[in-house]
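# A structural walkthrough
Chain by chain, the residues run as shown.
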Amino acid sequence: VVDTIEYNFGVEIDGYVVADFEMFKVLVDSIGGVEVEVTEKEAKEVTGHPKRYGKVKLEAGKQTLTGEQALAYCRIRKIDTDWQRTKRQRTVIQSIIKSAKSGNPVTLYKMIDNSAPYLETDLTKSELLKIGFKALGCLKNDMVEEKVPFDDTWSYQTINGASVIGIDVEENKDRLIDYIYKKSTDEITEEQEKDSK
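Report on the accompanying structure. All of these numbers come straight from a predicted model, not from anything done at the bench. (Residues numbered from 1 in each chain as written. Predicted model: local features only at pLDDT ≥ 70, side-chain atom pairs only at ≥ 80, totals over all residues. Heavy atoms only, no water.)

## Considerations on the packing of aromatic side chains
Across all of its chains, the model carries two aromatic pairs by this definition. Geometrically, the ring pair formed by Trp-83 and Trp-154 is tilted, given 4.9 Å between the ring centres and 45° between the ring planes. Residue Trp-83 is found in helix 6 (residues 82–102), and its partner Trp-154 is found in strand 5 (residues 154–159); the two are separated by 71 residues along the sequence. The exposure class of Trp-154 is partly exposed, given its relative accessible area of 26%. Measuring from ring centre to ring centre gives 4.9 Å for Trp-154 and Tyr-156, while their planes differ by 80°; the resulting arrangement is edge-to-face. By way of ring pairs, the aromatic residues Trp-83, Trp-154 and Tyr-156 are connected into one cluster. Lying across the ring of Tyr-179, Lys-182 places its NZ or CZ 5.1 Å from the centre. (Phe/Tyr/Trp six-rings, centres within 6.5 Å; stacked < 30°, edge-to-face > 60°. Helix = DSSP H or I, 4+ residues; strand = E, 2+ residues; numbered from the N terminus. Buried < 20%, exposed > 50% of the residue type's maximum accessible area, 1.4 Å probe, protein only. Lys NZ or Arg CZ within 6 Å of the ring centre and 35° of its normal.)

What follows is the structure, encoded as C-alpha cells:
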C-alpha cells in the first residue's frame with residue numbers, strides 16, 4: 001500500500017501504522033464509546049442485517065455507540081454512496097479525537113495501551129511515543145481533513161462490467177502534494193533537484 005501511494009501520488013511515507021477492525025472496537029470501548037447521530041435508515045440497515053453486521057442493534061437519534069456498534073456504523077454501504085460511508089467513518093474518527101481531547105491522562109493511557117497490541121507498524125517504540133506525544137499537542141487544534149479523489153477529479157466508469165470510480169491521477173497528485181506540503185509539484189521537484197546537486 002505504501003509503495004502504491006508513493007508511486008501514484010508522489011508523496012513520501014516515512015512510516016506506517018496499520019490497524020484492524022478489532023483494534024478499532026477496542027479503541028472506541030477504551031474511551032467509553034463515541035457519540036454519533038444515527039439516522040433511521042442507518043439504524044434499520046444495521047439492525048436488519050445480522051449476517052452483514054453481526055447481531056448489532058442501532059437506534060435512530062444521538063447515540064453513544066460501543067466499539068462493535070461504531071464499526072457496524074462505519075461499514076454501512078448499501079443504503080447510499082461510498083462517499084457517505086467515508087463521511088460516517090470521518091464522523092466516528094472526529095468523535096474519537098473529541099473524546100481524546102477531553103480525556104484525562106489515565107483515559108488516554110488506557111486508550112493507547114489497549115489498542116497497541118492490534119497495531120502493525122514499521123516504526124520503533126520510541127518513534128511511536130514521539131509521534132504520540134506530538135499528536136497529543138495537536139489535539140488542541142481543529143482537525144483538518146480532505147478526501148482523495150478531490151472534488152471534480154473523478155467520474156463513475158464501468159470497467160469489465162464493474163462500476164468503479166475513475167480518477168485523474170495527475171490532478172489528484174498535484175492537489176495532494178499542494179495540500180500536504182503547501183507547495184506545487186514543480187516547486188517540490190525544483191527543491192529535490194537542488195538537494196541532489
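## Quick notes on the side chain of Ser-30
In this structure, Ser-30 sits in helix 2 (residues 21–30). Looking at Ser-30, its side chain comes within polar contact range of the side chain of Asn-114, at 2.9 Å. (Polar contact = N/O pair within 3.5 Å; in protein donor to acceptor, adjacent residues only side chain to side chain.)

## Re the pairing of strand 2 (residues 34–38)
Residues Val-34, Val-36 and Val-38 point to one face of strand 2 and are all buried, whereas Glu-35 and Glu-37, pointing to the other face, are not buried. As paired elements, strand 2 and strand 3 (residues 61–65) share five bridges and run antiparallel to each other. Note that in strand 3 the partner of Glu-37 across the bridge is Lys-62. (Pairing = 2+ DSSP bridges.)

## Observations regarding the packing of helix 2 against helix 5 (residues 67–75)
Orientation of helix 2 relative to helix 5, taken along the N-to-C sense of each, is 125°, at an axis distance of 7 Å. Between helix 2 and helix 5, the crossing angle belongs to the class labelled oblique. Remark: the crossing between helix 2 and helix 5 carries right-handed chirality. Along the contact surface, helix 2 presents Phe-21, Phe-24, Lys-25, Val-28 and Asp-29, while helix 5 presents Gly-67, Glu-68, Ala-70, Leu-71, Cys-74 and Arg-75. Across the contact of helix 2 with helix 5, the residue classes tally to six nonpolar, one polar and four charged. (Axes fitted to C-alpha atoms, helices over the stretch in contact; angles between N-to-C directions. Parallel < 35°, antiparallel > 145°, perpendicular 65-115°, else oblique. Left-handed = near helix turned anticlockwise from the far one by under 90°. Contact = heavy atoms within 4.5 Å. Nonpolar A, V, L, I, M, F, W, Y, C, P; charged D, E, K, R; others polar.)

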